[in-house]
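Each chain, letter by letter, is given below.
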Amino acid sequence: MPYQDLRAFLTALRNAGELVDIARPIALKYDIAKALAKASSVQGPALMFTETGTDFPLVAGVYGNRRLALLAFEATEQTIHDKVLKGINNQIGPVDFKGTPPCQEVVLTGDAVDVTKLPVPTYSPKDGGAYITAGIVVSENPETGIPDIGNYRFQILGPKEMGVFSASNHRFGKNIAHATEMGKELHAAVVIGVDPMTMFSCQVQSSDATNDWFVAGGLRGAPVELAKAVSNDLKVPAHAEIVIEFTVDTKTQKMEGPLGEYTGYYTAASPKPVARITAITHRKGAIFQGLLTGKPITENHVLKQIPFEASVLRQLQAQFPTISDLSINSSGGVQTYVVIAMKPRYEGEARHAILAAMASNLHPKWVVVVEPDIDIRNSAEVEWAQSFRVKPREDVFVVDRTATAPLDPYTDGGYSSSVGVDATRPFGVEFPEVSEVPGWRDFDLPEINKG
Ligand SMILES: Cc1cc2nc3c(=O)[nH]c(=O)nc-3n(C[C@H](O)[C@H](O)[C@H](O)COP(=O)(O)O)c2cc1C
């Protein structure tokens, strides 16, 4: 059975020595971020802060490194991609929770709504304020009603107001634009503290026609249990820790930002829509969840990498079946730098694969194709292929005016350009043999055999 909720996963982490309590008083402003940055630097455990100065404990770094992500997926490096692809290909619809859902054990409406009572950290010194960074947004296409879930940041602006940022190519942003066009009010909810597979499913790249609860169910191998929100008709995960229901006000925009983002740079403040909170519901003894984003590698990158790689691999393999693997490097924010392993079937196929990757929702700046003998997760091997299997004039090309990654700090007004590198050996042409010492793995070298 999958982890039913965040608490079940935290229990598993604690039992594995992967969750550590910080029981002394901690400042929400910067100190949570300092603790997370330090834990991340040593690939450390998740952290539970019990003294936050509020009524709620705060857990953070739950998926702070690849080891914790693999525990969440109940997978190993060997099984992870197959497991994710199996989940995406075998989707399972949600079911309605019967009775009062845990996420509504406490219901706050009207004057009782006050988001500033939650332990929301301020992460970086130049951030515009405190940010909810580990929330998942539930919204619906205002025309078709198809639900979307995705991770989106929220800046606390006041007890009943939050700043909203969604890139225009993400579905929450599209739903806001669509509702505005139709003259409709968009209802949404930001959900904090869900089970691990629902969290990771937010980063699976699927078409706008996809009901994301089916993807979450597929990854879980069991349906997500949903409950109707208290102030609108949306359905939210019944076992969530905290749900903040709101409507998006696009008429009175307020400054949102800056925030130290996944590119490693601050995004500038600008006027953005406001989330007007209509209700806050939570479990008894609710646990708030925090997450550090910033210069790679942070939890933001860990959350994206596994689902992004599986989804883009799935898309590209449909057209190029000889693609055997794909890596979206953390150093490029899990966005700008893609390495593909493939055995081209005809001259120019590697170039076609590069163009297809450039056209994916990632908007990468760099796409490198190598042959399957190269370990694409070992940058030294990729550089070796680029050094000795590339004639730059023939194998490197630039595509102008490609759409940039939304928060790229260095663009020409939303456009950039993308570099393709075909580092496969020339098709159908004799190429020198790779010189390798055969049988070296089996050589008995007394001192280092233990490693
Ligand atoms: C921790 C985290 C925070 C994110 N915050 C935002 C955000 O504030 N705005 C945004 O447009 N995308 C954000 N993203 C990226 C989207 O969640 C991501 O691209 C997702 O696939 C969008 O899915 P959707 O288009 O189905 O909603 C964030 C990703 C992560 C992992």
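Reading the values: the criteria
- Residues numbered from 1 in each chain as written.
- Predicted model: local features only at pLDDT ≥ 70, side-chain atom pairs only at ≥ 80, totals over all residues.
- Heavy atoms only, no water.
- UniProt positions renumbered as here; feature names shortened; annotations may be inferred.
- Near = heavy atom within 4 Å.
- Polar contact = N/O pair within 3.5 Å; in protein donor to acceptor, adjacent residues only side chain to side chain.
- Areas by Shrake-Rupley, 256 points an atom, 1.4 Å probe, with all protein chains shown as cover.
- 1 Å grid on protein atoms, 1.4 Å probe; cavity = no way out; pocket = protein on both sides within 12 Å on 5 of 7 lines; lining within 4 Å.
- Sits in = over half its atoms within 2 Å of the grid points.
- Helix = DSSP H or I, 4+ residues; strand = E, 2+ residues; numbered from the N terminus.
- Points joined across faces, edges and corners; volume = space filled by probe spheres on them.
- Nonpolar A, V, L, I, M, F, W, Y, C, P; charged D, E, K, R; others polar.
- Domains from an automatic or database assignment.
- Contact = heavy atoms within 4.5 Å.
- Salt bridge = Lys/Arg side-chain N within 4 Å of Asp/Glu carboxyl O.
- Buried < 20%, exposed > 50% of the residue type's maximum accessible area, 1.4 Å probe, protein only.
- Phe/Tyr/Trp six-rings, centres within 6.5 Å; stacked < 30°, edge-to-face > 60°.

By the naming in an unreviewed UniProt entry, the protein goes by UbiD family decarboxylase and is assigned to Reyranella soli. Quoted verbatim from the Sequence similarities (unreviewed entry) field of UniProt, the annotation for the protein is "Belongs to the UbiD family."

1. Brief notes about the site of the ligand
Near the ligand, the surroundings consist of 19 residues, among which Asp-148, Asn-151, Tyr-152, Ala-167 and His-170 are the closest. Within the contact set of the ligand, an oxygen atom lies 2.7 Å away from a side-chain nitrogen or oxygen of His-170. Within the contact set of the ligand, an oxygen atom lies 3.5 Å away from a backbone nitrogen or oxygen of Cys-202. For the ligand, whose accessible area on its own is 640 Å², the fraction buried by protein is 92%. Under a 2 Å grid-point criterion requiring more than half of the atoms, the pocket assigned to the ligand is the largest pocket. The element that contributes the greatest number of residues to the shell around the ligand is strand β8 (residues 147–151), accounting for four residues.

2. Topic: the layout of surface pockets
Taken as a whole, the largest pocket holds about 790 Å³ of empty space. In terms of lining residues, the largest pocket is bounded by 38 residues, among which Asn-151, Tyr-152, His-170, Gln-203 and Lys-304 are the most central. Of all the elements in the fold, those that place two or more residues in the lining of the largest pocket are β8, α5 (171–182) and α8 (299–319). With five residues, α8 is the single largest residue contributor to the lining of the largest pocket. A breakdown of the residues in the lining of the largest pocket according to their chemical character gives 14 nonpolar, 16 polar and eight charged. Taken domain by domain, the lining of the largest pocket gets at least three of its residues from each of domain 1 (83–293) and domain 2 (320–422). Here the second largest pocket is characterised by a volume of approximately 460 Å³. Lining the second largest pocket are 23 residues, and of these Ile-297, Gln-305, Asn-329, Ser-330 and Arg-377 lie nearest its centre. Among the secondary structure elements, those contributing two or more residues to the lining of the second largest pocket are α3 (66–73), α8, β20 (337–342) and α10 (379–388).

3. Quick look at the domain arrangement of the protein
The assigned domain composition of the protein is domain 1 (83–293) and domain 2 (320–422). Between domain 1 and domain 2, the C-alpha centre-to-centre distance is 32 Å. Facing the 11 residues of domain 1 at the interface are nine residues of domain 2. Taken together, the links from domain 1 to domain 2 amount to zero salt bridges. For the pair domain 1 and domain 2, the interface holds three residue pairs in polar contact (both at pLDDT 80 or more). Partitioning the side of domain 1 that touches domain 2 into residue classes produces four nonpolar, five polar and two charged.

4. Quick notes on the pattern of salt bridges
Two side chains bearing opposite charge may form a pair once their charged atoms approach each other closely. As enumerated under the stated definition, the model contains 26 salt bridges in all. For Arg-283, the salt bridge is made with Asp-5, and the minimal N-O distance between the two is 3.0 Å. Placement of Arg-283 in the loop between β17 (270–282) and β18 (288–290) and of Asp-5 in the segment before α1 (6–15) is noted, with a sequence separation of 278 residues between them. Looking at Arg-283, the relative accessible area reads 10%, which means it is buried. Linking Asp-233 and Lys-228 is a salt bridge whose minimum nitrogen-to-oxygen distance equals 3.8 Å.

5. What about the packing of aromatic side chains?
Enumeration over the complete set of coordinates arrives at eight aromatic pairs. On the numbers, 6.3 Å between centres and 25 degrees between planes, the contact of Tyr-337 with Trp-366 is stacked. Of the two residues, Tyr-337 sits in strand β20 while Trp-366 sits in strand β21 (residues 366–370), which places them 29 residues apart along the sequence. Judged by its relative accessible area of 22%, Tyr-337 falls in the partly exposed class.

6. Re the UniProt feature "domain: 3-octaprenyl-4-hydroxybenzoate carboxy-lyase-like C-terminal" (unreviewed entry) in the protein
Sequence positions flagged by UniProt for "domain: 3-octaprenyl-4-hydroxybenzoate carboxy-lyase-like C-terminal" (unreviewed entry) are, in local numbering, residues 303–423. With 34% helix and 27% strand, the stretch residues 303–423 has end C-alpha atoms that lie 29 Å from each other.

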